[in-house]
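The lines below spell out each chain.
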Amino acid sequence: MTNSNSLFFRALNKERLKTPPIWYMRQAGRYMPEYRAVRKKFNNFLDMCKNPDVCCELALQPINAFNLDAAILFSDILTIPDALGLGVNFVENEGPVFKNPINNSKDIDNLDLFDPDELQYVYQAVTNIKNSLSDNIPLIGFSGSPWTLAAYSIEGKSSKDFKKTLNFINKNNDKSHTFLNALTDACFLYLREQVKAGADVIQIFDSWANILDENRFNEFSMQYINKLTYALKNDKVTSKTPIILFSRDPKCSNQTLVKNSGADCLSLYWDMKDFDLNIARNKVSLQGNLDPRILLEPKDKIKYQTHKILDKFKDYPGYIFNLGHGITPDINPDNIKYLTEVVREY
Ligand code: CP3
């Protein structure tokens, strides 16, 4: 059992803490030489994710290197589209490429029903990681948001503007909602299995919230995040599991994010500098907000910007230190070590 007195749980319980718990989005990844040494052995990134022992080793690498306060499952958000038969591959320097993306409304009619058992390899990774962690380090399980999973599934790859996706939802409103409902059910079942396997906390990544205007954000993204968190909060297995939402720069009010998401904690993108802490205070915990690109600067600049963030959140009840988006491959691991020290010494 994870100790509910761990720093991470205390912050999720909206306690005001002297030193915030620390973890980093993409804390396991290519910026670490230890990761690259393991990654070399696999051609396809998803093949590596399908090996629970390797996932365990990778999830522990940043915990051991930087003594962080929470671990995150090593996997990817695109396991669900892969299980739906969309054929996800990771191509060097290009990111994910789908063999069978959603091209028309018939493709949605013909989709396989999501079978959570197909992702046993993920739950096994959760259990292995959990068994290897000490009691005071909680484990975060995760999924993409229904909208972000739909966007990748329709676009078929990463994109700057997701033009194909935006066109598709304009032309196929009903079928888009059918698809989003199916993805919401899949995310629920998937996260429930992760919690059964040992995940202590859930994070939902709405990484492409930013491409929707306010109306469409509420219709295609927030509505389904709300359905998902509602289902989780009303299920015996998951009702007590804290939920963190990372919504990348959504075009909605702060009030909507706090009230409608159903999340216990909001993970703030680095560009959400004007987020109103008073609207969130005592309602949700907050996480993140530091621009990851700061980590490419000299140490004095890293310290200055980190202190600015810590000053901003120092009286906030329930702040978790993190970056405003993931660690990129060009970041020097020494700077992650330095950043962690700066936060703990503040
Ligand atoms: O420590 C961790 O956070 C590891 C677990 C993790 C990965 N991806 C591993 C990964 C998590 C939580 C994710 C989430 C994820 N995956 C998101 C949401 C977070 C965000 O960045 O907004 C998204 C959008 C994806 C989809 C994805 N996976 C893309 C677009 C790419 C290619 C681009 C890139 O950064 O490489 C991936 C690949 C991926 N996922 C890698 C890792 C370590 C790198 C793959 C490699 O080594 O070749």
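A few points on the structure. (Residues numbered from 1 in each chain as written. Predicted model: local features only at pLDDT ≥ 70, side-chain atom pairs only at ≥ 80, totals over all residues. Heavy atoms only, no water.)

**Topic: the overall build of the protein chain**
When its secondary structure is counted, the protein chain shows 15 helices and 9 strands. Seen along its three principal axes, the alpha-carbon backbone of the protein chain occupies a region of about 55 × 45 × 40 Å. Burial status across the protein chain gives 60% buried among its 346 residues. The contacts in the protein chain between residues at least 6 apart in sequence include a share of 73% that link residues at least 24 apart. Surface accessibility of the protein chain: about 15000 Å² in total, with carbon and sulfur atoms responsible for 45%. (Helix = DSSP H or I, 4+ residues; strand = E, 2+ residues; numbered from the N terminus. Buried < 20%, exposed > 50% of the residue type's maximum accessible area, 1.4 Å probe, protein only. Contact = heavy atoms within 4.5 Å. Areas by Shrake-Rupley, 256 points an atom, 1.4 Å probe, with all protein chains shown as cover.)

**Digging into the site of the ligand**
If you check the shell around the ligand, you find 22 residues, and the closest are Arg 30, Tyr 35, Asp 76, Ser 207 and His 325. One of the backbone nitrogen or oxygen atoms of Gln 27 is found 3.1 Å away from an oxygen atom of the ligand. Between the ligand and His 325, the relevant distance is 2.8 Å, taken from an oxygen atom to a side-chain nitrogen or oxygen of the residue. Here the ligand loses 88% of its free accessible area of 870 Å² to cover by the protein chains. Residues that form the shell around the ligand fall into these classes: 12 nonpolar, 6 polar and 4 charged. (Near = heavy atom within 4 Å. Polar contact = N/O pair within 3.5 Å; in protein donor to acceptor, adjacent residues only side chain to side chain. Nonpolar A, V, L, I, M, F, W, Y, C, P; charged D, E, K, R; others polar.)

**Topic: the packing of helix 14 (residues 299-313) against helix 15 (residues 333-345)**
A packed helix pair is summarised by two numbers, namely the angle formed by the two axes and the spacing between the axes. At a minimum axis distance of 10 Å, the contact between helix 14 and helix 15 shows a crossing angle of 40 degrees. Regarding the angle of helix 14 to helix 15, the classification is oblique. Relative to helix 15, the crossing made by helix 14 is right-handed. Facing helix 14, whose interface residues are Lys 299, Ile 302, Lys 303, Thr 306, His 307 and Leu 310, helix 15 presents Asn 335, Tyr 338, Leu 339, Val 342 and Val 343. Grouping the constituent residues of the contact of helix 14 with helix 15 by class yields 6 nonpolar, 3 polar and 2 charged. (Axes fitted to C-alpha atoms, helices over the stretch in contact; angles between N-to-C directions. Parallel < 35°, antiparallel > 145°, perpendicular 65-115°, else oblique. Left-handed = near helix turned anticlockwise from the far one by under 90°.)

**Let's talk about the environment of Ile 279**
Of note, Ile 279 is situated in helix 13 (residues 277-280). Assessed through its relative accessible area of 23%, Ile 279 is described here as partly exposed. As for Ile 279 and Lys 259, which are separated by 20 residues in sequence, their C-alpha atoms are 9.5 Å apart. When residues no more than four places from it in sequence are discounted, the contact partners of Ile 279 are Asn 254, Gln 255 and Val 258.

**Some remarks on helix 8 (residues 146-155)**
A large share of helix 8 lies buried, amounting to 10 of its 10 residues. Those residues of helix 8 that fall on the buried side of the exposure criterion are Pro 146, Trp 147, Thr 148, Leu 149, Ala 150, Ala 151, Tyr 152, Ser 153, Ile 154 and Glu 155. At the C-terminal side of helix 8, Gly 156 shows a positive phi close to 85 degrees.

**Description of the nonpolar core**
Phe 74, Ile 80, Leu 266, Phe 275, Leu 286 and Phe 321 are the most contacted members of the largest nonpolar core, which has 132 residues in total. Here this core takes 10 residues from helix 10 (residues 173-197), the largest share from any one element. For Leu 286, the residues in contact, after removing those within four places along its chain, are Cys 265, Leu 266, Leu 268, Phe 275, Leu 277, Ala 280, Phe 313, Tyr 316, Gly 318, Tyr 319 and Ile 320. (Core = buried A, V, L, I, M, F, W, Y, C linked by side-chain atoms within 4.5 Å.)

**Here's the deal with helix 7 (residues 120-132)**
The terminal C-alpha atoms of helix 7, which comprises 13 residues, lie 18 Å apart, in line with the 18 Å expected from a rise of 1.5 Å per residue. Every buried residue of helix 7 is listed here: Tyr 121, Val 122, Tyr 123, Ala 125, Val 126, Asn 128, Ile 129 and Lys 130. Turning to helix 7, the residues buried within the fold contact helix 3 (45-49), helix 4 (52-66), helix 5 (79-86), strand 4 (139-144) and helix 10. (Expected span 1.5 Å × (residues − 1).)

**Side note on the pairing of strand 7 (residues 265-268)**
Both faces of strand 7 are covered, namely the face carrying Cys 265 and Ser 267 and the face carrying Leu 266 and Leu 268. Two strands pair when backbone bridges link them, and strand 6 (residues 243-247) and strand 7 are joined in this way by 3 bridges, in the parallel orientation. Looking at strand 7, one finds that Ile 244 is bridged to Cys 265. Crossover strand 6 to strand 7 through helix 12 (residues 254-260) is right-handed. Examined bridge by bridge, strand 7 and strand 8 (residues 285-288) share 4 bridges and lie parallel to one another. The residue of strand 8 that forms the bridge with Cys 265 is Ser 285. (Pairing = 2+ DSSP bridges. Right-handed = clockwise from strand over helix to strand, strands pointing away.)

**A closer look at the sheet that holds strand 8**
Here we have 7 strands laid out as an open sheet, ordered 1-4-5-6-7-8-9, and parallel in their pairing. Edge positions in the sheet fall to strand 1 (71-72) and strand 9 (319-320), since each has one partner strand and no second. Running at roughly 175 degrees to strand 8, helix 14 makes contact with strand 7, strand 8 and strand 9 of the sheet.

**Regarding the state of the cysteines**
For the structure shown, the criterion picks out 0 disulfides. The cysteine Cys 265 is free of any disulfide, with Cys 252 supplying the nearest cysteine sulfur at 16 Å. A relative accessible area of 0% means that Cys 265 is categorised as buried. (Disulfide = S-S within 2.5 Å.)

So, to be careful, I would describe these as geometric facts and stop short of saying anything about function.
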